[in-house]
Amino acid sequence: MRGLLDTADLTTAEIVAILDEASTYVDASGVVPTTFTHGNGKRVVLAFFEPSTRTRLSFETAAQRLGASVLVFHVSGSSVEKGETLFDTVHTIEAMSFDTLVIRHGENGMVRSIAERTTMSVVNAGEGSLAHPTQALLDAAALRERFDDVKGLRVCIVGDIAHSRVARSQVDVLTRLGVDMSVCAPGSLDATDGVLASLPRYESIDDALSNVDVISLLRIQRERITGTDLPSLDAYRAGYAMTDARMQAHQRVIVIHPGPVNYGVEIDPGVADSDRSLIRRQVTHGVAVRMAVLNNVFKHRTPNT
Ligand code: CP
C-alpha cells in the first residue's frame, strides 16, 4: 500500500486484511498494551485543513504506537495564513524528509491531487464530501466485533447523506463485506448520484427501524450546506432522529455514528450512552485501524532517518 486515498482503491481482500490486522491491535479493554516497532525510522506529519478530534488524535496515537515519529502541522499560525499555496506547503513538508502525510481537506479531489505531486505516502483523513476511508474501515471493525459475521447484516444510513464523505466510504466498504445497505434522508439531504442514490430508501427512521439491524447516523454538515432547504429541527427529529423513545421501542437495534454528534438533533444523549451504541467503541477501533493502515504504508517505504 503506497498510501490510502479511497477505499475504492483497495481490493476486498485488502480491506479484510486491514480489518484482520487491526483486530489484533485491540481487545475488550482497548488498544492492546504492546510496544510496536513497525514504524521505527518512519516520519509522519499530520496536516488537517478542517477541524478534527477523533481522526487527528487517533492517527497521532497510531503512529506513535507503531514507533514512528509524528509531528502535527498546525494550519492556524502557518504560512498558509500568509497565502502560501497548499502544494507549496506540501512540498515544504516533503523537503523535511517526512515519508507519510496524513491529510484532511475540505475540497473534493484535493487529496488525490496532492498524492500525484509528492513522493510522500498520502493517507486520506477525510476529504470534502468525497471519502473518509479510515472512518469506513473503523465502522466495519466495530460492526465485525459486535456481530462476528457482518454478511447479511442490514444497515441503514440515516441523515445528511448528500454531504457525507462517511456515507460514501461506508457504503463501499460494508457492501463489499456483504452488508445489506439502505438509506433514509430528507429530500434536500438525500444523495442524487452515485451508489448511494441507487440504494433502497426508507421514508422515515421508523420505517427503517422495523427492517434493519443497525442504524448508521450522520450529522447534518452545516459547514458544507449552501442554500439547501433544510428541514426544521422538529421535522428532522420527527422523521430521522434516533430518540430515546425509538431506542426503547427497538430493543434489537445497534447504533453507530462517526462523531461528533449533535445531541437533540440526530441523536439523544441516552442513545449515545446506551450499551447498544458503538460510538465510543468505534473511536477505539479507529486507533487500531489506523495502526493497520499506517503499518501497511510503512512496509512499502524505506526509512527516512
Ligand atoms: N469522525 C470524524 O472524522 O471525527 P473528527 O472530525 O473528530 O475527526
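For the structure, see preceding data.
Residues numbered from 1 in each chain as written. Predicted model: local features only at pLDDT ≥ 70, side-chain atom pairs only at ≥ 80, totals over all residues. Heavy atoms only, no water.

**Some words on helix α6 (residues 165-176)**
Our working rule: Numbering goes from the N terminus for both helices and strands, where a helix is a DSSP run of H or I of at least four residues and a strand is a run of E of at least two. In a helix, the anticipated span is given by 1.5 Å times the number of residues less one. The classification of residues rests on relative accessible area computed with a 1.4 Å probe and restricted to protein chains. Under 20% of the type maximum is buried, over 50% is exposed, and intermediate values are partly exposed. The definition of a polar contact used here is a pair of N or O atoms within 3.5 Å, where within protein one atom must be able to donate a hydrogen and the other to accept one, and adjacent residues in sequence count solely through side-chain atom pairs.
Over its 12 residues, α6 runs 17 Å from end to end, which matches the ideal 16 Å to within 8%, given 1.5 Å per residue. Looking at α6, one finds that the buried residues are Arg 165, Val 166, Ala 167, Ser 169, Gln 170, Val 171, Val 173 and Leu 174. The residue sitting at the N-terminus of α6 and contributing the capping side-chain oxygen is Ser 164; that oxygen lies 3.2 Å from the backbone nitrogen of Val 166. One or two positions beyond α6, positive phi appears at Gly 178, with a value near 90°.

**Some details on helix α3 (residues 86-94)**
Keep this limit in mind: Throughout, the arc means the angular range of directions from the helix axis out to the C-beta atoms. It only takes one pair of heavy atoms within 4.5 Å for two residues to be counted as in contact.
Among the residues making up α3, those that are buried are Leu 86, Thr 89, Val 90 and Ile 93. Buried residues along α3 cover an arc of 95° about the axis, so they all sit on one side. Next to the buried residues of α3 lie β3 (43-48), β4 (69-73), β5 (100-105) and α4 (110-115).

**As for the packing of aromatic side chains**
Selection rule: Aromatic rings from Phe, Tyr and Trp, taking only the six-membered ring of Trp, are treated as a pair when their centres fall within 6.5 Å; an angle between ring planes under 30 degrees marks them as stacked, one over 60 as edge-to-face, and anything in between as tilted. When the NZ atom of lysine or the CZ atom of arginine is within 6 Å of a ring's centre and also within 35 degrees of its normal, the charge is said to sit over that ring.
On inspection of all chains with the given rule, the structure shows 3 aromatic pairs. Ring plane angle 80° and centroid distance 5.0 Å describe the contact between Tyr 25 and Phe 36, whose orientation is recorded as edge-to-face. With Tyr 25 in the loop between α1 (12-23) and β1 (26-27) and Phe 36 in the loop between β2 (30-31) and β3, this pair connects stretches of sequence that are 11 residues apart. Residue Tyr 25 is classed as buried on the basis of its relative accessible area of 5%. On the basis of an interplanar angle of 40° and a centroid distance of 6.1 Å, the ring pair of Phe 49 and Phe 73 is categorised as tilted. Of this pair, Phe 49 sits in the loop between β3 and α2 (54-65) while Phe 73 sits in strand β4, and the two are 24 residues apart along the sequence. Residue class for Phe 49 comes out partly exposed when judged on its relative accessible area of 24%. Over the face of the ring belonging to Phe 98 we find Arg 43, whose NZ or CZ atom lies 4.2 Å from the ring centre. The side chain of Arg 117 reaches across the aromatic face of Phe 87, ending 4.5 Å from its centre.

**Brief notes about the packing of α1 against helix α5 (residues 133-147)**
For the record, the criterion: Every axis in this analysis is a line fitted to C-alpha atoms, fitted for helices over the stretch in contact. Angles between the N-to-C directions lie between 0 and 180 degrees. Crossing handedness: left-handed means the near helix sits turned counterclockwise from the far one by under a right angle, and right-handed means the same turn made clockwise. The classification used treats Ala, Val, Leu, Ile, Met, Phe, Trp, Tyr, Cys and Pro as nonpolar, Asp, Glu, Lys and Arg as charged, and all other residues, Gly among them, as polar.
Interhelical geometry of α1 versus α5 gives an angle of 65° and a closest axis separation of 10 Å. Of the two elements, α1 crosses α5, and the hand of that crossing is right-handed. Within the contact between the two elements, α1 uses Ile 15, Val 16, Ile 18, Leu 19 and Asp 20 and α5 uses Leu 137, Ala 140, Ala 141 and Arg 144. For the contact of α1 with α5, a count of residues per class yields 7 nonpolar, no polar and 2 charged.

**So, the sheet that holds strand β6 (residues 121-127)**
Hydrogen bonds between backbone groups are what pair the strands of a sheet, and the pairing can be parallel or antiparallel. Put simply, the rule reads: The pairing criterion for strands is at least two bridges between them, as found by DSSP.
The strand order across the open sheet formed by 4 strands is β4-β3-β5-β6, and the pairing between neighbours is parallel. In this open sheet, the two edge strands, each paired with only one partner strand, are β4 and β6. For this sheet the average axis-to-axis angle between neighbouring strands, irrespective of direction, equals 15°. Relative to β6, β5 runs parallel, the two being bridged by 5 bridges. Paired with Thr 100 across the strands is Ser 121, a residue of β6.

Functional significance is not addressed by these values, which are geometric in nature.
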